[in-house]
Amino acid sequence: MADEYFFALTLKGAKASEVWDPEAKGAEDYQGGHKLIIKQALVGPEATEGEVNVVQVEAMTWKDSVKIPIASLKAGGANNQVVLDLSFPDPPVTFSLVQGNGPVHIIGHHLIGSPMEEFDEMDEMEEEMIEDEEGEEGAEEDEDDEEPKSKKAKTVNNSKGKTPVKSNSKAKK
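These numbers come from a predicted model, not from an experiment.

Draft legend 1. Looking closely at the overall build of the protein. A count of helices and strands for the protein gives two helices and eight strands. If you list the helices and strands of the protein from N to C, you get β-β-β-β-β-β-β-β-α-α. For the protein, with 173 residues in total, the buried portion stands at 28%. Long-range pairs, those at least 24 residues apart, make up 78% of the contacts in the protein with a sequence separation of at least 6. As displayed, the protein has an accessible area near 12,400 Å², and 50% of this comes from carbon and sulfur atoms.

Put into structure tokens, the structure is as follows:
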């Protein structure tokens with residue numbers, strides 16, 4: 001199961017840049033790793049009115065690195081914020097203010113997979129459960145094998161289709 005944390009950063013000043021790379025900061029080894037989801041970018045209230053701020057991201061594709069603008073924001077206008085839905089499954093991701101002085105706030109979620117130790121514990125628990133189930137199934141099969149034999153002995157029919165009545169040999173003597 002992944003843990004989810006609020007993510008935010010602010011780019012302020014000409015050519016400002018921030019790198020998201022939790023693995024470089026000595027984060028634990030997690031199954032599923034880290035994932036960044038960006039939901040919104042907006043210009044701060046102290047930005048210069050009329051100034052255009054362009055945010056660029058640099059991230060890895062499946063083959064190589066790519067640099068691309070993700071938001072063009074104008075302070076004091078209708079374009080002062082943008083709703084995004086960007087997912088970055090592999091760090092590092094670099095956010096840069098390639099035009100304007102900001103501040104530009106970038107908001108999203110940081111998802112963290114479970115620690116490797118937790119998966120090891122889950123594997124051990126699964127193995128124990130499988131062993132327990134196999135033991136129970138074996139016991140059930142033994143019970144099933146015994147049950148039909150005893151029923152057959154009790155329900156033997158004679159040639160006329162009637163079940164014979166057991167005679168009590170002690171009563172006859």
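There is more to say after this.
Draft legend 2. Focus on the nonpolar core. Membership of the largest hydrophobic core comes to 24 residues, with the highest contact counts inside it found for Leu-11, Ile-38, Val-55, Phe-88, Phe-95 and Ile-106. Where this core is concerned, the elements lending two or more residues are strand E1 (3-11), strand E3 (34-43), strand E4 (52-60), strand E5 (65-74), strand E6 (81-88), strand E7 (93-99) and strand E8 (104-112). The greatest single-element share of this core, amounting to four residues, is contributed by E3. Excluding anything up to four places from it in sequence, Phe-88 contacts Trp-20, His-34, Lys-35, Leu-36, Ile-38, Val-57, Ala-59, Val-93 and Phe-95.

Draft legend 3. Up close: the sheet that holds E8. Taken in spatial order, the four strands line up as E1-E8-E3-E6 in an open sheet, and their pairing is antiparallel. Unpaired on one side and paired on the other, E1 and E6 mark the two borders of the sheet. Within this sheet the neighbouring strands show an average axis-to-axis angle of 20°, counted without direction. Bridge analysis of E3 against E8 gives nine bridges, and the strand direction is antiparallel. Across the sheet, Ala-41 pairs through a bridge with Ile-106, a residue of E8.

Draft legend 4. Structural detail: the sheet that holds E5. Across the sheet, which stays open at both edges, the four strands sit in the order E2-E7-E4-E5 with antiparallel pairing between neighbours. The two strands at the open ends of the sheet, each matched to only one other strand, are strand E2 (17-20) and E5. Between one strand and the next, the sheet's axes are offset by a mean angle of 20°, whatever the strand orientation. Bridge analysis of E2 against E7 gives four bridges, and the strand direction is antiparallel. Residue Ser-17 lies in a different strand from E7, and its bridge partner there is Ser-96.

Draft legend 5. Here's a closer look at a negative patch on the surface. On the surface, Glu-126, Glu-127, Glu-128, Glu-131, Asp-132, Glu-133 and Glu-134 cluster together into a negatively charged patch. Within the secondary structure, Asp-132 sits in helix H1 (residues 116-154).

Draft legend 6. Molecular detail of the side chain of Glu-51. For Glu-51, the location among the structural elements is in the loop between E3 and E4. Here Glu-51 occupies a buried position and makes no salt bridge, while the nearest side chain of opposite charge, Lys-12, is found at 11 Å. The residues contacting Glu-51, other than those within four sequence positions of it, are Leu-73, Lys-74, Ala-75, Gly-100, Asn-101 and Gly-102.

Cut-offs used in this document
Residues numbered from 1 in each chain as written. Predicted model: local features only at pLDDT ≥ 70, side-chain atom pairs only at ≥ 80, totals over all residues. Heavy atoms only, no water. Helix = DSSP H or I, 4+ residues; strand = E, 2+ residues; numbered from the N terminus. Buried < 20%, exposed > 50% of the residue type's maximum accessible area, 1.4 Å probe, protein only. Contact = heavy atoms within 4.5 Å. Areas by Shrake-Rupley, 256 points an atom, 1.4 Å probe, with all protein chains shown as cover. Core = buried A, V, L, I, M, F, W, Y, C linked by side-chain atoms within 4.5 Å. Pairing = 2+ DSSP bridges. Axes fitted to C-alpha atoms, helices over the stretch in contact; angles between N-to-C directions. Patch = residues over 30% accessible without salt bridge, like charges linked within 9 Å, V, L, I, M, F, W, Y side chains within 5 Å. Salt bridge = Lys/Arg side-chain N within 4 Å of Asp/Glu carboxyl O. Lys, Arg positive; Asp, Glu negative; His and termini not counted. Charge placed at Lys NZ, Arg CZ, Asp CG, Glu CD.

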